[in-house]
Amino acid sequence: SNALFKVPAAVNEPVRAYKPGTDDHTNLIAKYREMYNQAPIEVPLYIGDKRVSTSTKNAMTPPHDHAKVLGHYSVGDASNVEAAIDAAMNAREAWANLPWEQRASIFLRAADLLAGPYRDKMNASTMLAQSKNVFQAEIDAACELIDFFKFNVQYMTQIYKEQPDSLPGMWNR
């Protein structure tokens, strides 16, 4: 479309306090318990648009509870690595040719989803998989990734705005 788009200004994601008895604390602990107590999950490889499950699998256990199996992940081999590289190279042109504002909207949507309905799942997953406490998970997983998405959209916009001056008879674009 014919417009000069202005992206929302990036600001650091506020860190939630998770005080006992608050909805934030109650909801996060409930999600943690749900994920801890669920049946073990299977984690495949994702290569391009394909879900790949291999015959070799390894157990996923929390560092603080090695007896608890959260699930099993597929172990890739050299052929899976080659397929992933090929898929990435095939996707590169379509992504690079996508208008910048559409690429930005994908990152901003991911930030909104993580800041909203997926925040508890991200933090509970981080607590389980890395033995982080509530505050470490909030800062290291949710807030950092939300900030990454938002600030990189802002940086991309700045880079596109800051172009070299044009000499007479030419236009750098």
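What you see is a predicted model; the values in this text were computed from it and never measured.

Before we go on, may I ask you to explain the layout of surface pockets in this structure?
Over the atoms a probe the size of a water molecule is rolled, and this reveals where empty space is left. Its volume calculated, the largest pocket comes out at about 230 Å³. If you go around the largest pocket, the residues you meet are Tyr160, Gln163, Pro164, Ser166, Trp171, Asn172 and Arg173. Of the residues in the lining of the largest pocket, the class split is 3 nonpolar, 3 polar and 1 charged. Volume-wise, the second largest pocket comes out at about 200 Å³. As for the second largest pocket, its lining consists of 10 residues, and the residues nearest its centre are Ala3, Leu4, Phe5, Trp100 and Tyr160. Among the elements that make up the lining of the second largest pocket, the one with the highest residue count is helix H5 (residues 134-161) (3 residues). Class assignment of the residues belonging to the lining of the second largest pocket gives a composition of 5 nonpolar, 2 polar and 3 charged.

When you look at the packing of aromatic side chains in this model, what are you seeing that I'm missing?
Each aromatic ring pair is characterised by the separation of its centres together with the angle its planes make. Scanning all chains against the criterion turns up 6 aromatic pairs. Measuring from centroid to centroid gives 6.3 Å for tyrosine 32 and tyrosine 36, while their planes differ by 10 degrees, and the two rings are stacked. Here tyrosine 32 pairs with tyrosine 36, and both are found in helix H1 (residues 23-37), just 4 residues apart, close to one helical turn. With a centroid separation of 6.1 Å and 40 degrees between ring planes, the pair formed by phenylalanine 151 and tyrosine 155 is classed as tilted. One end of the pair is phenylalanine 151 and the other is tyrosine 155, both in helix H5 and 4 residues apart, which spans about a single turn. An aromatic cluster is defined as three or more aromatic residues linked by ring pairs; in this entry it consists of Trp95, Phe107, Phe148 and Phe149. Looking at lysine 68, its charged tip hangs above the ring of tyrosine 36, at a distance of 4.8 Å from the centre.

About the cut-offs
All residue numbers refer to positions counted from 1 along the written sequence of the respective chain. Residue-level local features of this predicted model are given only where pLDDT is at least 70; pairs of side-chain atoms are given and counted only at 80 or more, and the full residue set underlies all totals for whole chains, interfaces and linings. With hydrogens and water excluded, all non-hydrogen atoms of the structure serve as input to the side-chain values. Grid points spaced at 1 Å and placed over the protein atoms alone form the basis of the search, with a cavity being a set where a 1.4 Å probe fits but cannot get out and a pocket an open set showing protein on both sides within 12 Å along at least five of seven lines. Lining residues have an atom within 4 Å of a point. Grid points are joined across faces, edges and corners, and a volume is the space filled by probe spheres set on the points. Classification used: nonpolar for Ala, Val, Leu, Ile, Met, Phe, Trp, Tyr, Cys and Pro, charged for Asp, Glu, Lys and Arg, polar for all others including Gly. A run of DSSP states H or I qualifies as a helix once it reaches four residues; a run of E qualifies as a strand once it reaches two. Both are numbered from the N-terminal end. Each aromatic pair joins two rings of Phe, Tyr and Trp (for Trp, the six-membered one) with centres within 6.5 Å, and gets the label stacked for planes under 30 degrees apart, edge-to-face for over 60, and tilted for any other angle. Two thresholds decide whether a charge sits over a ring: the Lys NZ or Arg CZ must be within 6 Å of the ring centre and within 35 degrees of the ring normal.

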